[in-house]
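# Fold and geometry: a report
What follows is each chain in one-letter form.
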Amino acid sequence: MSDHDETRRFRALFISDVHLGTKGCQADLLLDFLRDHDADTIYLVGDIVDGWRLKQSWYWPQSHNDVVQKLLRKARKGARILYLPGNHDEFLRSYYGSHFGGIEVVETAIHEAADGKRYLVIHGDFFDVVVRHARWLALLGDWAYETALMVNTHVNHVRRRLGFPYWSLSAWAKLKVKNAVNFIGQFEETLSAEARKQEVDGVICGHIHHAVIRDMGGVAYVNTGDWVESCTAVAENYDGRLELIRWADAVRAGRQVSPSAEPASVGVRAAA
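Residues numbered from 1 in each chain as written. Predicted model: local features only at pLDDT ≥ 70, side-chain atom pairs only at ≥ 80, totals over all residues. Heavy atoms only, no water.

### With respect to the overall build of the chain
Across its full length, the chain carries eight helices and 13 strands. Counting over 272 residues, the chain shows a buried share of 52%. In the chain, once contacts between residues fewer than 6 apart in sequence are set aside, the share between residues at least 24 apart is 66%. By element, 54% of the accessible surface of the chain is carried by carbon and sulfur atoms, the whole surface being about 13100 Å². (Helix = DSSP H or I, 4+ residues; strand = E, 2+ residues; numbered from the N terminus. Buried < 20%, exposed > 50% of the residue type's maximum accessible area, 1.4 Å probe, protein only. Contact = heavy atoms within 4.5 Å. Areas by Shrake-Rupley, 256 points an atom, 1.4 Å probe, with all protein chains shown as cover.)

Here you go:
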């Protein structure tokens, strides 16, 4: 349970890439986050449950069940919850329009913020050429990512014993390996282009586990990140400003997340 006394309430919360059903999922941190944060509307922006991994071997500890129960409880208390399946939970794409315990399954959504700006909400895998046209390669990449997380666990165990802070192997690779950097850039450009095509002010997505809020030529590109490593979410305040919450960083620092002083040029801001 969090040490924070007050629950921060938002107009909307956007969470993606939780990957319940995998050992890499940081369900305890997400549960802590959900206890400390509430919203009128919650968007689950894909890959909440990892059907790919569960097909290979069943893994579902109590903490993963607790996350599901917490979300269902929020729905019962009046929060509107929309679930937009991603590629890892694609089995839910057969249930568009259905409701499960008050959670609505939809393909995409247009979120209108308090300031009138409109955002396309979508997981983003449809714009990933590898996922769409080379599924075997995507599965191989998923295995490689899981392996990197295992290696990372051992590396950070040693780093903690030596007094060093947490370090992410996969995050380092995303920023240092040329092909990974190029992929992220192309993904951001493609999703921003889709937002322009649909004549909205921005896009809110997930999929690539790289949390960021940035202006892309007049269009707001917002990626919610993940709950495997970075443990990030995006929140809309009641004045329409979007805020990137880096929960793992806040917990490691032992402090409450608070928004930065100045909003970014596209009307969004990040919380460290």
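### Brief notes about the pairing of strand β12 (residues 242-246)
Burial of β12 is extensive: four of the five residues sit out of reach of the surface. Pairing of strand β11 (residues 232-236) with β12, which is carried by five bridges, proceeds in the antiparallel orientation. Each bridged residue has a counterpart across the sheet, and for Val234 the counterpart in β12 is Leu244. Counted between consecutive antiparallel strands, the loop separating β11 from β12 contains five residues, among which Gly240 sits at a positive phi close to 95°. (Pairing = 2+ DSSP bridges.)

### Observations concerning the sheet that holds strand β8 (residues 202-205)
One open sheet holds the five strands; their spatial order is β6-β7-β8-β10-β9, and the pairing between them is mixed. The open sheet has two edge strands, β6 (109-112) and β9 (212-216), and neither has a second partner. Each strand of the sheet is rotated relative to its neighbour by a mean of 20°, with strand direction disregarded. (Axes fitted to C-alpha atoms, helices over the stretch in contact; angles between N-to-C directions.)

### Some details on helix α1 (residues 27-36)
Within α1, eight of the ten residues are buried, which leaves the element mostly enclosed by the surrounding structure. For α1, the complete set of buried residues consists of Ala27, Leu29, Leu30, Leu31, Asp32, Phe33, Leu34 and Asp36.

### Side note on the pattern of salt bridges
Two side chains bearing opposite charge may form a pair once their charged atoms approach each other closely. Scanning the entire structure with this criterion turns up nine salt bridges. For the salt bridge of Arg214 with Glu188, the shortest nitrogen-to-oxygen distance reads 2.7 Å. Of this pair, Arg214 sits in strand β9 while Glu188 sits in helix α7 (residues 178-197); the two residues are 26 residues apart in sequence, bridging distant segments of the chain. Note on Glu188: relative accessible area 5%, which makes it buried. Salt bridges sharing common partners tie together Arg9, Asp38, Asp40 and Lys74. (Salt bridge = Lys/Arg side-chain N within 4 Å of Asp/Glu carboxyl O.)

### Notes on helix α3 (residues 62-76)
An ideal rise of 1.5 Å per residue puts 21 Å on 15 residues; α3 measures up with 21 Å between its terminal C-alpha atoms. Among the residues making up α3, those that are buried are Ser63, His64, Val67, Lys70, Leu71, Leu72, Lys74 and Ala75. Where α3 is buried, its residues meet α1, β2 (37-44), β3 (80-83), β4 (99-100) and β5 (103-105). In the segment just after α3, Gly78 is the residue with positive phi, at about 115°. (Expected span 1.5 Å × (residues − 1).)

### Concerning the packing of α1 against α3
Think of two packed helices as two axes; the pair is described by the angle between the axes and how far apart they sit. Where α1 contacts α3, the two axes come as close as 9 Å, and the packing angle between them is 20°. Considering the angle they form, α1 stands roughly parallel to α3. The interaxial crossing formed by α1 with α3 has left-handed handedness. Note on element contacts: α3 touches α1 through Ser63, His64, Asp66, Val67, Lys70, Leu71 and Lys74, opposite Ala27, Asp28, Leu30, Leu31, Leu34 and Arg35. (Parallel < 35°, antiparallel > 145°, perpendicular 65-115°, else oblique. Left-handed = near helix turned anticlockwise from the far one by under 90°.)

### Looking at the pairing of strand β10 (residues 219-223)
Within a regular strand, side chains alternate between the sheet's two faces. Buried residues dominate β10, accounting for five of its five residues. Of the two faces of β10, the one carrying Val219, Tyr221 and Asn223 and the one carrying Ala220 and Val222 are both buried. Bridging between β9 and β10 involves five bridges; their strand directions are antiparallel. Within β10, the residue paired with Asp215 across the bridge is Ala220. Linking β9 back to β10 in an antiparallel pair, the connection comprises two residues, with Gly217 at a positive phi of about 60°.

Interpretation in functional terms is not warranted from these geometric data alone.
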